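Residue-level structure breakdown
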Amino acid sequence: MDIWFGGKIYTMVEEGAWEEAVVVEDGMIIDTGSTHTLYSRYEDRIEEEHNLNGAVMYPGFTDSHLHMIMHGERLLRLDLSFMKSKQEVLQALKQRAGSTPAGEWVIGEGFNENQWKEKTPLHKAELDEVSTEHPIMLSRICRHALVANSKAIDLAGVDKTTPDPQGGKVEKDEKGLNGLFHDEAQDYIKKAMPEVSSAYLEEALTQAVEDMYSRGLVGGHTEDLYYYGGFRKTLDAFHRVIDGTKRKFRANLLVHHKAIDEMEASGLSFGDGTAYVELGAMKIFSDGALGGRTAWLTAPYEDDPSQEGMMIHSGKDLDHLFEKARQKRMPVAVHAIGDGAVEAVVERMERYPVEQGGRDRIIHAQILNDGLMERLKKLPVVLDIQPSFVASDFPWVIDRLGEDRLKKSYAWKTLYDKGILLAGGSDAPIEEVNPLMGIRAAVDRRATEDYKVYQEEERLSMYEAVSLYTKGSALATGKEKEQGMIREGYLADFTILDRDLFSLAPYEVSDAVVLMTVVDGEIMYEKGVTSPVSFAGYDISNH
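Read on for an overview of the structure. Bear in mind that the values here come from a model prediction, so they are computed numbers and not experimental data.

On to the sheet that holds strand β21 (residues 421-424), then. Strand order in the open sheet formed by 8 strands is β8-β15-β16-β17-β18-β19-β20-β21, and the pairing between neighbours is parallel. The open sheet has two edge strands with one neighbour each: β8 (61-66) and β21. When the angles between neighbouring strand axes are averaged without regard to direction, this sheet yields 25 degrees. In terms of strand pairing, strand β20 (residues 381-385) meets β21 through 4 bridges, oriented parallel. Pairing of D384 across the sheet is with A423, part of β21. Helix-sheet contacts for helix α8 (residues 231-241) involve β15 (217-223), β16 (250-256) and β17 (277-285), and the interaxial angle to β17 is about 140 degrees. Its contacts with the sheet place helix α10 (residues 315-327) against β17, β18 (332-336) and β19 (360-364), and it is angled at close to 160 degrees to β17.

What follows covers the pairing of strand β22 (residues 494-497). Side-chain alternation along β22 places F494 and I496 on one buried face and T495 and L497 on a second face that is also buried. Pairing geometry for β22 and strand β23 (residues 514-519), over 4 bridges, is antiparallel. Pairing of T495 across the sheet is with T517, part of β23.

Before going further, it helps to spend a moment on the packing of aromatic side chains. For the coordinates displayed, the defined rule picks out 14 aromatic pairs. Measuring from centroid to centroid gives 5.9 Å for F5 and Y39, while their planes differ by 70 degrees, and the two rings are edge-to-face. Within this pair, whereas F5 is found in strand β1 (residues 2-5), its partner Y39 is found in helix α1 (residues 35-42), the two being separated by 34 residues in sequence. Using a relative accessible area of 14% as the deciding quantity, one classes F5 as buried. Judged by centre distance (6.4 Å) and plane angle (40 degrees), the ring pair of Y58 and F502 falls under tilted. Within this pair, whereas Y58 is found in strand β7 (residues 56-59), its partner F502 is found in the loop between β22 and β23, the two being separated by 444 residues in sequence. Judged by relative accessible area, Y58 falls into the buried class, the value being 0%. For F502, a relative accessible area of 29% translates into the label partly exposed. Feature note: the residues Y10, Y58, F61 and F502 constitute an aromatic cluster, connected by ring pairs. Sitting over the ring of W18, K8 keeps its end group 4.8 Å from the ring centre. A cation over a ring is seen here: R446 above Y451, with NZ or CZ 4.7 Å from the ring centre.

In this section: the pairing of strand β13 (residues 168-173). Strand direction decides the pairing type here: β13 and strand β14 (residues 176-183), joined by 5 bridges, are antiparallel. Paired with G168 across the strands is D183, a residue of β14. With antiparallel pairing between neighbouring strands as the criterion, β13 and β14 make up a hairpin whose turn holds 2 residues.

Okay, α8 next. Looking only at α8, the buried set comprises F231, K233, T234, L235, A237, F238 and V241. Each element contacted by the buried residues of α8 is listed here: α2 (68-76), α7 (198-214), β15, β16, α9 (260-265) and β17.

Conventions adopted
- Chains are numbered independently. Their residues run from 1 in the order of the written sequence.
- Totals for whole chains, interfaces and linings use all residues, but because this is a predicted model, local features are given only for residues with pLDDT of at least 70 and pairs of side-chain atoms are given and counted only at 80 or more.
- As a convention, hydrogens and water are excluded, and side-chain values are obtained from all of the structure's heavy atoms.
- Should DSSP find at least two bridges between two strands, the strands are taken to pair.
- In DSSP terms, a helix is any run of H or I states spanning at least four residues, a strand is any run of E spanning at least two, and both are numbered starting from the N terminus.
- In this analysis, axes come from line fits to C-alpha atoms, helices being fitted only over the stretch in contact, and the angle between any two N-to-C directions falls in the range 0 to 180 degrees.
- Any two residues whose heavy atoms approach within 4.5 Å at even a single point are treated as in contact.
- Only protein chains enter the accessibility calculation, which uses a 1.4 Å probe; a residue is then buried when its area is under 20% of its type maximum, exposed when over 50%, and partly exposed in between.
- Between 30 and 60 degrees the pair is tilted, below 30 it is stacked and above 60 it is edge-to-face, where a pair is any two Phe, Tyr or Trp rings, Trp via its six-membered ring, whose centres lie within 6.5 Å.
- Remark: a charge is flagged as sitting over a ring if the NZ atom of Lys or the CZ atom of Arg is within 6 Å of the ring centre and within 35 degrees of the ring normal.

As structure tokens, this is what we get:
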């Protein structure tokens, strides 16, 4: 039995609630209260004491939506997300190509033309100027588009006669292919890339988990099981990395609808797994992203009246996917950014209700309207929101959507006040995985570009924002009776910071320092203590 004391312990049972000490045994919270009372009550059983020395403890933060392997890849590969011009990206590519053997792929992650002065996406011809000896593939920050050079396109067998797949677009200009592939069309290029090894998956996951520990995260709801050589191969990598001994981490794995059959062939179903790696809801994409104007809207884009976005699935196919999920007694987790996509998803949730006691999820839900909000209030659904999108999408999103439509967009406070359940995530690697940045964005709503406050009336309180990453994430997986609070009978998962978030100004939140991350009562990360796991010298160049 352990006792934690010597600092403020926010329980999140209600706003402002805190305790002096907490007692833990076998990974569970046994009791909370004053230090004196708990010492008196458990004196003969306490084996280890943890003095917080003035630090502040919170229920363990959980990211409700991200892509863990992709996050690990961002740490391993060429990261383009912080580059501020096309020229900077191209120069970085030249350097990487110069150190890569001819014929091997050069892969970059996260370019974002909206933060460049010229605002124009990369073109195949510009990548060809970097190299025609290497296949080059660069993912856009949203992961709903990529750009490839001629070598990669040739290996994929794509030309100007290649049709657009359902839910995807192969971009062309007056000269033919321009190298941009949107949403489902990205698979043309990705299928031509060499299959990653199991060792590579384990390295990417290890990097992701260790980084997430350092950000104070005890868990994450992640979607990876379709993209890396199949369901079984990827699931096995999760179990090897998050083994419950060297690493304890609460990973809820959404299952892409295209991986469901392989899941069943493996003899597995929704909810199966361990205390640390479990299978979650069926993941479905219903539209694309705002950056590439593929998020599906009910009216045209303000800055391009010829575009209303893209349906990833026809109405009939979406019906079939919901029916399949319900037959397998699975909730769904549907990517839906535009109001057109959310409307289609809500209609199916009403038509094919989730099993009694379950909850569906809508991921992102950025663009809404009054009618949709009223319908959402009546459904057993959690909205997985990404507060950091406010910081990164403004001000350019105003031109995309127009002022009138924005009144019901990114409307976190309105949703919260209506009683609609919300969970907080990063969508890493699209945004930084750091939950403190998400909390700051939720209470501050300042854009990174110009530091203006946008939609001030939609600011969340600090308690509401912290709830997104604690109680909200627990609600999303139906674990609200065992996760998200510090109280008797709950899991001993804690995030320990050097300061009290509830006493800070919004702009100070992201300056807080993670001192310790605790999962199952065990310290998984401690600031200044190096992880014993090392992959020094691991060669990822051929993976």
